[in-house]
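Results of the structural survey
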Amino acid sequence: MDSVANVSERSERTAGRASASEPMVPVRDDLQALRGYHSAQVDVEVRLNTNESPYPPPARWEDELAAALAAIDWRRYPDRAATALRSAIAEWHGVATANVFAANGSNEVLQTLLLTYAGPGRTVVTFEPTYQLHSHIARLTGAAVVEGERRADFTLDVDVAERLVAEARPAVTFLCSPNNPTGLVEDPSTVRQLLSAATGLVVVDEAYAQFADWSALDLVSDDVPLAVVRTFSKTWSMAAARLGYLIGPTWLVEALQEVVLPYHLDAVKQVAGRLALDYVDEMDARVKLVVAERERVSEELGRMPVDVFPSGANFVLFRPRHLPGHDVWQGLVDRGVLVRDCSRWSRLDGCLRVTVGTPEEDDRFLGALRDVLDTVPA
Ligand SMILES: Cc1ncc(COP(=O)(O)O)c(C=O)c1O
């Protein structure tokens, strides 16, 4: 009887709906206006839109991983504390295991940070334009977001930033260095000044730090409210594994471990990450290749009618001078090259972002771009 009543009640609720996608249950009021974070995936030959590594992981790592997978006891939950992985990361960075928190991509690190330190009644500060997920996840937690502005060249006026932080009194202040999508490396003095001004936690997202010549890692200590977030998705050629981590004070790592879901980090990625750390030299060699290519791509772009922004990352932001950014993006897609279309994003009017690829991919991109730009007289 019960189930019959449920069914007829459900069909009443369904009756007035125009389509299957019309919600039967409304989402939280504060989420109604939020849109998810998406990157258009178009099936083309040269994909330079999501800042992945152009090179696969070392073949030996793949073999070792296959052997390690055969040894996993699938009946059992994985090591909840991911101790072997966190110890290997800690050893690499010269910190204690208690200073490392690992999660499913740095996005989950950011989410766990914000679940722990943001939330209703608290404020998060970002300096725009920057990685959209900082403000997006902060809003998902119910926090208020105060968006500080960068200058037109995307550098940060640290005095303006300091005043904003003094006014907003944020629980979390975000920096991103090198910044996505601009590529700019934050000045070390900016991080220091914001750390001394900040009322809460300062998070430096360093997803691309290995491509730059400065990192905030040296500033991490148990007496400083600073967390530095890293990922295996870029340098380590392991975006498919979804593995990221942070280096921060012991008290912060302990707090995050209380908030994150139990056994959130599966056995496969724990072992994949640990084994990857045996290949630091190979990864450093790849970083050097990518950095050399970045310089070449930036130089070539500098010879075209586009504004190029200096980059310390594995991508370059540029703005075509005489054609709408979206038209250039479409022209590139038509020629088999996908870059990130930021041209309609707030504060990035007309801009496109290209990931550094292999020399062959970059040549395809540069050739296609020349071709598209040639459609307009100089
Ligand atoms: C600045 C920044 N932080 C974090 C991430 C997320 O990386 P992950 O793949 O580790 O979740 C990205 C990915 O593009 C990024 O650009």
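Now for a look at the structure at hand. In this text, all values refer to a predicted model and were calculated from it rather than measured experimentally. (Residues numbered from 1 in each chain as written. Predicted model: local features only at pLDDT ≥ 70, side-chain atom pairs only at ≥ 80, totals over all residues. Heavy atoms only, no water.)

Here we take up helix α6 (residues 158–168). Considered for burial, the residues of α6 that qualify are V158, A161 and V165. Around the axis of α6, the buried residues are gathered within 55° of arc, so they sit on the same side. Structural note: α6 exposes R163, A166 and E167 on the side pointing more than 90 degrees away from its buried face. Buried residues along α6 sit in contact with β3 (123–128), β5 (172–176) and α7 (188–197). Count one or two residues on from α6 and you reach R169, which has phi positive near 45°. (Buried < 20%, exposed > 50% of the residue type's maximum accessible area, 1.4 Å probe, protein only. Helix = DSSP H or I, 4+ residues; strand = E, 2+ residues; numbered from the N terminus. Arc of directions from axis to C-beta. Contact = heavy atoms within 4.5 Å.)

Enumeration over the complete set of coordinates arrives at 7 aromatic pairs. Look at F154 and F309: their rings are 4.8 Å apart centre to centre, the planes differ by 50°, and that puts the pair in the tilted class. Placement of F154 in the loop between β4 (144–149) and α6 and of F309 in the loop between β9 (306–308) and β10 (315–320) is noted, with a sequence separation of 155 residues between them. The residues F154 and F309 share a single accessibility class, namely buried. (Phe/Tyr/Trp six-rings, centres within 6.5 Å; stacked < 30°, edge-to-face > 60°.)

The local shell around the ligand holds 13 residues, among which S106, D205, Y208, T231 and S233 are the closest. A distance of 2.7 Å is found between an oxygen atom of the ligand and a side-chain nitrogen or oxygen belonging to N180. Separating an oxygen atom of the ligand from a side-chain N or O atom of K234 is a distance of 2.9 Å. About the coverage of the ligand: the protein hides 92% of its 400 Å² of free accessible area. With 3 residues, the top contributor of residues to the shell around the ligand is helix α4 (residues 105–117). Grouping the constituent residues of the shell around the ligand by class yields 4 nonpolar, 6 polar and 3 charged. (Near = heavy atom within 4 Å. Polar contact = N/O pair within 3.5 Å; in protein donor to acceptor, adjacent residues only side chain to side chain. Areas by Shrake-Rupley, 256 points an atom, 1.4 Å probe, with all protein chains shown as cover. Nonpolar A, V, L, I, M, F, W, Y, C, P; charged D, E, K, R; others polar.)

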